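Read off the chains here:
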Amino acid sequence: MGPTPASTASTTTVAENPINASVPSGTFVITGANGGLGSAVVELIVSSSEFSSMHGIYMVREVDAATALNASLNHAKQGHRYDVVGLDLSKLAGVRDVAKKINERVAGGSLPPIRALVLNAAFQCNYLAHWLLTMVLLQSMDREHGRIVVISSAGHDPNDTRHAGMGIFKEERWRTIRDDTTGAAGMRRYSAAKLCLVMMIYELQRRLSSDPVLSSICVLGLDPGAMSKEILRRGNFLMSVFVTRIFLPFAAMVSSKLAPEGFFRITRKSAKHVLRVALDTETLGEHPQAVYLNGTKRWESSAESRDEKKQMMLWQDSVKYTKLKASETVLSSWN
Ligand SMILES: NC(=O)c1ccc[n+]([C@@H]2O[C@H](COP(=O)([O-])OP(=O)(O)OC[C@H]3O[C@@H](n4cnc5c(N)ncnc54)[C@H](OP(=O)(O)O)[C@@H]3O)[C@@H](O)[C@H]2O)c1
């Protein structure tokens, strides 16, 4: 397993997975745990006794540079078990390696089955590495209560009026996936990658639901809204300073008062939404399959994301580009 956990580090104790799903236990895996939303989710988990029987696997690109995550871990309650795992999602060999080690630990009983796998990291890597990680980790998922959560974005839908102001989909030709090397290509590629993740919700859920062993596992999507942290920090000066540090925090503060589930949201609130989608059974039910939410509201994802023909094409390309083999996944209809 990757890098060392901090003080209350991982132990070999395995929590029993209770039949009562409303008391969450098991392993909670999240990618991008050093990001704005990821570190806020970790802070909520480690600081609340509600999640004390969960074991966190907090994945970061670089353990030594995970300052935001470390700040969140400073809030950890005594005895919270976790590992900080280094995983650069741009390297598929690393994805396989990390997933294999987790599988070995779950199979060996030193880590409980995965209750929630939250695919949160973004920008450099959105889709393909997350798809591969999921496929390999399926064998370690809790087969009764396991959930896979895709962190999406309104950007996946060119027709979503909430981001119309950005103008990146103004021209008709940009409204379906295509080669793109023009001015706003970065944002559109990000949107296309998010679209792929949303397509994965439906295709993976179909395949899981018809699997003789994995049919209770749920795949869900969450649009966390526009948060003050930190996705835009790598943009140009206007984006990284004015938009991220001044406009978004201000908009989130004002908007959260006027419209608590409006487009702009406080990161901590979106982090609570992530935990709800990953673990809540009281309001979402035991098995919310292929459910897509905007905050707490059920939401219709884009028309293109629901195109079954395209979902299938994307799946086949994912198998091809990751070179997935039958021996790497327990999903019966994997190809
Ligand atoms: N912020 C928003 O307004 C907004 C709106 C809609 C949807 N979302 C979605 O919400 C999620 C969280 O966003 P955020 O605002 O928290 O973004 P963020 O602060 O930029 O966090 C993204 C995380 O992804 C990690 N990451 C990027 N490339 C990676 C790689 N190759 N390997 C491993 N990790 C990698 C980053 O690692 P480092 O820490 O090492 O850089 C970072 O911790 C994303 O899925 C995003 O698309 C955000």
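Residues numbered from 1 in each chain as written. Predicted model: local features only at pLDDT ≥ 70, side-chain atom pairs only at ≥ 80, totals over all residues. Heavy atoms only, no water.

In the annotation of an unreviewed UniProt entry, the entry for the protein reads 3beta-hydroxysteroid 3-dehydrogenase, and the organism field reads Cercophora newfieldiana. Recorded under Pathway (unreviewed entry), the UniProt text for the protein is reproduced unchanged: "Steroid biosynthesis; zymosterol biosynthesis; zymosterol from lanosterol: step 5/6." (UniProt positions renumbered as here; feature names shortened; annotations may be inferred.)

Asks: Before we move on, could you go through the site of the ligand and cite the residues and values that matter?
Replies: Residues in close proximity to the ligand total 29 residues, the closest being L37, R61, N120, Y190 and K194. Within the side chain of Y190, a nitrogen or oxygen atom sits 2.5 Å from an oxygen atom of the ligand. Taking 890 Å² as the accessible area of the ligand by itself, protein coverage stands at 94%. By residue class, the composition of the shell around the ligand is 12 nonpolar, 10 polar and 7 charged. (Near = heavy atom within 4 Å. Polar contact = N/O pair within 3.5 Å; in protein donor to acceptor, adjacent residues only side chain to side chain. Areas by Shrake-Rupley, 256 points an atom, 1.4 Å probe, with all protein chains shown as cover. Nonpolar A, V, L, I, M, F, W, Y, C, P; charged D, E, K, R; others polar.)

Asks: Give me the lowdown on the packing of helix α4 (residues 128-137) against helix α8 (residues 308-322), citing residues and values where you can.
Replies: Orientation of α4 relative to α8, taken along the N-to-C sense of each, is 85 degrees, at an axis distance of 10 Å. As far as their axial angle goes, α8 and α4 are roughly perpendicular. Where α4 approaches α8, its residues L128, W131, L132 and M135 are matched on the opposing element by W315, S318, V319, Y321 and T322. In the contact of α4 with α8, the residues fall into 7 nonpolar, 2 polar and no charged. (Axes fitted to C-alpha atoms, helices over the stretch in contact; angles between N-to-C directions. Helix = DSSP H or I, 4+ residues; strand = E, 2+ residues; numbered from the N terminus. Parallel < 35°, antiparallel > 145°, perpendicular 65-115°, else oblique. Contact = heavy atoms within 4.5 Å.)

Asks: Can you break down helix α7 (residues 267-279) residue by residue, with the values?
Replies: The α-helix advances 3.6 residues per turn, and as a result positions three or four apart in sequence lie on the same side. Helix length check: α7 (13 residues) gives 18 Å between terminal C-alpha atoms against 18 Å at 1.5 Å per residue, within 8%. Every buried residue of α7 is accounted for by T267, S270, A271, H273, V274, L275, V277, A278 and L279. (Expected span 1.5 Å × (residues − 1). Buried < 20%, exposed > 50% of the residue type's maximum accessible area, 1.4 Å probe, protein only.)

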